[in-house]
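What follows is the residue order along each chain.
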Amino acid sequence: MAKITYIEHDGTEHSVDVKTGLSVMEGAIKNNVPGIDADCGGACACATCHVYVDAAFEGKTGEKSAMEESMLDFAENVEPNSRLSCQIKVTDELDGLIVRLPESQH
Amino acid sequence: MSDLKAKVVILGAGHAGGAMAAFLRQAGHEGPIVLIGDEPIGPYQRPPLSKAWLKGEADADSLALKDPAWYADNGCDLKLGVRATGLNRGDKTVTLSTGETVSYDILVFATGARARKLPIPGADLQGVLELRTAADAEALKAALGEGKRLAIIGGGYVGLEVAASARALGAHAMVLERETRILARVACSQLSDFFIAYHKARGVSFELGVEITAFEGEGGHIRRVRLADGRAIDCDAALVGIGAIPNDDLAKDAGLECVNGIVVDLDARTADPDVFAIGDVTHRPLPLYDRQFRLESVPNALEQAKVAAGVIAGKPPLTPEVPWFWSDQFDLKLQIAGLPFDADTILVRGDPATAKFAVFHLKGDQIQAVEAVNSPPEFMMGKQLIGNRKAVSPERLADTTVSMKEVIA
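Okay, so let's go over this structure. Note that the structure is a prediction, hence the values are computed from the model and not measured.

**Side note on the interface of chain A and chain B**
On the chain B side, the residues contacting the 26 residues of chain A number 31 residues. Summing both partners gives a buried area of about 2,300 Å² for chain A against chain B, and 52% of it is carried by carbon and sulfur. Applying the counting rule to chain A against chain B returns three salt bridges. Of the charged contacts in the structure, one is a salt bridge between Lys19(A) and Asp61(B), with a shortest N-O distance of 2.3 Å. Our enumeration of links across chain A and chain B arrives at 12 residue pairs in polar contact (both at pLDDT 80 or more). Listing elements by their share of the side of chain A that touches chain B, those giving two or more residues are α1 (24–30) and α2 (66–73) of chain A. A per-element tally of the side of chain A that touches chain B places α2(A) first, with four residues. Taken together, the residues that form the side of chain A that touches chain B break down as 15 nonpolar, five polar and six charged.

Following this line, the structure appears as structure tokens:
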């Protein structure tokens, strides 16, 4: 289990426990966090699970694949700390992770 | 006119129904929700059943949309192994297969589609399979493995995805297709040519333009597929993937308009203001294409679930989305945005020989649809351009040295 805090664009916080092995996206879906739609269910095909990773965790969320880089390159409101949350596996090291959500995913 | 305390009854606990319950709670709906599904398990993702799940790369836990406790914790009465058998719109009640009667303030059809069957002798033999549900996938997985021979009836996405997964599991896969090309209903011929060559190079065999006349078995189990030309294809199991039929019978019987699916408006509402329908079962407006159509896709189900939940909870309307689809086969990622309605030109960007290219369907200088193979920029930018109706320069679009960010006319 890792505690993950998802912060909606309007500032609403959702702190939930997510089982290790799931993705950060799956943690949001299972806990009904608004703002992460994940149309493709984690196939890295849609960029509707875009999040901004808190600076303290940037080194711990793994490397972006070429596919993820390419999808993010064309997503809206992309920042250097943007990630597709379906591509971040939850590990014990991510306990306390904070991710912020963009205004819109489409 | 919204009533946040209204009792919402959702028929169908698939991806659409599950998402509907979740989006209602996200939208602040407070009233009771009853979610009725005929499968023994709660809402889960179906797309991985032919891909990651079949190959053993995803487990049941990751497929489930919510943990089982979520439903009770969120005022959602999840009734499983049950289906609605009657609808009385006057009394606003549904009758269930258990005999129980459930009243509603708002009813949502999320009944999905069922696999089309082949009405031929032997269709009820053991080992003649279809793929819609997790239980179907379990049976299919059990039939695959090193050296097993799978006959796949139908060269659509389900058939091709299963063929790729079967090869990954060491099984033989033969696709039998009635049309003269695979993906005939759903993709352009350039894509058909590419995918058939890619599959053949990885050991999948194909018979095109063939008619199946019977499944033949021994001891109640399938042993071969008989073709109209007399040939027999030996196999250990057969998967029938020849399309789906909307589960709209109950709506039809209750007098709701159905045209290959339940007719709804842009709010996912039927002509009865208290009855909505979402997902594969709907015949819905496509404002970008100025027509009604039935879409079978998760993004469509999620869009309509979100729209309907917003309408029920009195939220501001959402902008219609560009329809999109995806398919994973071997190391190929196919992403399709839009639909090729009314297109007058087909333009290929990139070289199919490199397994990285996109086919654009243009109407004048506007993109109607894009089919992108291992090409996320073409998909992402194409989807935006379909949505915002910006004109493109076909010359620049065909030139891979020009970035997708610079193809606008």
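From this point on, the discussion continues.
**Overview of the sheet that holds strand β1 (residues 2–7) of chain A**
Residue and element names in this part refer to chain A. Spatial strand order, β2-β1-β5-β3-β4: five strands in an open sheet with mixed pairing. A strand with exactly one partner marks an edge of an open sheet, and here the two such strands are β2 (13–18) and β4 (82–84). The mean angle between the axes of side-by-side strands here comes to 35 degrees, regardless of whether they run parallel or antiparallel. Pairing of strand β3 (residues 50–53) with β4 involves three bridges; the strand directions are antiparallel. Counterpart to Val51 in the pairing with β4 is Arg83. Of the strands in this sheet, β3 and β4 are in contact with α2, which crosses β4 at around 120 degrees.

Parameters at a glance
Residues numbered from 1 in each chain as written. Chains lettered and ligands numbered in written order. Predicted model: local features only at pLDDT ≥ 70, side-chain atom pairs only at ≥ 80, totals over all residues. Heavy atoms only, no water. Contact = heavy atoms within 4.5 Å. Buried area = accessible area lost by both parts, 1.4 Å probe. Salt bridge = Lys/Arg side-chain N within 4 Å of Asp/Glu carboxyl O. Polar contact = N/O pair within 3.5 Å; in protein donor to acceptor, adjacent residues only side chain to side chain. Helix = DSSP H or I, 4+ residues; strand = E, 2+ residues; numbered from the N terminus. Nonpolar A, V, L, I, M, F, W, Y, C, P; charged D, E, K, R; others polar. Pairing = 2+ DSSP bridges. Axes fitted to C-alpha atoms, helices over the stretch in contact; angles between N-to-C directions.

Geometric descriptors of this kind do not, in isolation, establish any biological role.
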